[in-house]
Amino acid sequence: MDDEAYLSAEQRATKEDSRLPSQDADEGGPECTAEEEGKRPKAADGERRKVGRARGTSRERLPKSRILRGRFAFERVFRVGEHVRSGAVEAWLERGEEDLRVGFAVSARIRTKVRRNRARRRLREAFRRVQGEFQISGNLVLMALPGVVTTEWGAVLRDVQEVARKLRDRA
């Protein structure tokens, strides 16, 4: 066995801390080319975002306390709430004295999980953008109909705004 070499099991002390970037580390470099930009996936609202970018100010965010949760809460709103529809968005509102809590549902006519999740994300983002127009209190359920997935983003925003206007006018 002349072709075997001796390798020590001891590790040599390094001159630099291995956790710090070395001279070969990526220093940031250019963001991406226009060609690469077109290949990046779009967000729920149809816009492209940089990875890790903040999603907006805290004023625009939808706090967890304002999210309607639980099967029975949804069923109650569907059973006793007033119903309005605009384009690809339906809404049920159970009026009450407490702050507005909102739940997001997707029509069973949207078959695949990918489309259902995309519809829910688009509806949630549209509500987040126009939530100031919902000057109502109680429990609200917004339902995405099949058109939410294929309709352009501006039309989805207009549908949610129209739902808000209809519910305000009924008060």
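All figures in this text were calculated on a predicted structure; none of them were measured in a lab.

A word on the pairing of strand 2 (residues 89-95)
Link 1 in the chain: Buried residues dominate strand 2, accounting for 6 of its 7 residues.
Link 2 in the chain: Turn length for the strand 1 (residues 82-86)-strand 2 hairpin, with the two strands adjacent in sequence and antiparallel, is 2 residues, and the turn residue Gly 87 shows positive phi of about 60°.
Link 3 in the chain: Examined bridge by bridge, strand 2 and strand 4 (residues 138-144) share 7 bridges and lie antiparallel to one another. From the neighbouring strand, Glu 94 faces strand 4, where its bridge partner is Asn 139.

Observations regarding the environment of Arg 71
Link 1 in the chain: With respect to the secondary-structure elements, Arg 71 resides in helix 2 (residues 71-80).
Link 2 in the chain: With a relative accessible area of 60%, Arg 71 lands in the exposed category.
Link 3 in the chain: A distance of 2.9 Å separates the side chain of Arg 71 from the side chain of Glu 75, its partner in a polar contact.

Let's talk about the packing of aromatic side chains
Pairs of aromatic rings are described using the distance from one ring centre to the other and the angle between the two planes.
Link 1 in the chain: Under the definition given, this model contains 3 aromatic pairs.
Link 2 in the chain: Ring geometry for Phe 78 versus Trp 92: centroids 4.7 Å apart, planes at 85°, classification edge-to-face. You can see Phe 78 sitting in helix 2 and its partner Trp 92 sitting in strand 2, a full 14 residues away along the chain.
Link 3 in the chain: Trp 92 gets classed as buried once you look at its relative accessible area, which sits at 12%.
Link 4 in the chain: Here the aromatic residues Phe 104, Phe 127 and Phe 134 are joined through ring pairs into a cluster of three or more.

Focus: the packing of helix 3 (residues 113-130) against helix 5 (residues 153-170)
Link 1 in the chain: Contact pair helix 3 / helix 5: the axes reach a minimum separation of 9 Å and the direction vectors enclose 60°. Here helix 3 is positioned oblique relative to helix 5, judged by the angle of their axes. For the crossing formed where helix 3 meets helix 5, the hand is right-handed. Counting all contacts with helix 3, which are made through Arg 122, Leu 123, Glu 125, Ala 126, Phe 127, Arg 129 and Val 130, the residues of helix 5 involved are Trp 153, Val 156, Leu 157, Val 160 and Gln 161.
Link 2 in the chain: Looking at the contact of helix 3 with helix 5 residue by residue, the classes come out as 8 nonpolar, 1 polar and 3 charged.

About the cut-offs
Residues numbered from 1 in each chain as written. Predicted model: local features only at pLDDT ≥ 70, side-chain atom pairs only at ≥ 80, totals over all residues. Heavy atoms only, no water. Buried < 20%, exposed > 50% of the residue type's maximum accessible area, 1.4 Å probe, protein only. Helix = DSSP H or I, 4+ residues; strand = E, 2+ residues; numbered from the N terminus. Pairing = 2+ DSSP bridges. Polar contact = N/O pair within 3.5 Å; in protein donor to acceptor, adjacent residues only side chain to side chain. Phe/Tyr/Trp six-rings, centres within 6.5 Å; stacked < 30°, edge-to-face > 60°. Axes fitted to C-alpha atoms, helices over the stretch in contact; angles between N-to-C directions. Parallel < 35°, antiparallel > 145°, perpendicular 65-115°, else oblique. Left-handed = near helix turned anticlockwise from the far one by under 90°. Contact = heavy atoms within 4.5 Å. Nonpolar A, V, L, I, M, F, W, Y, C, P; charged D, E, K, R; others polar.

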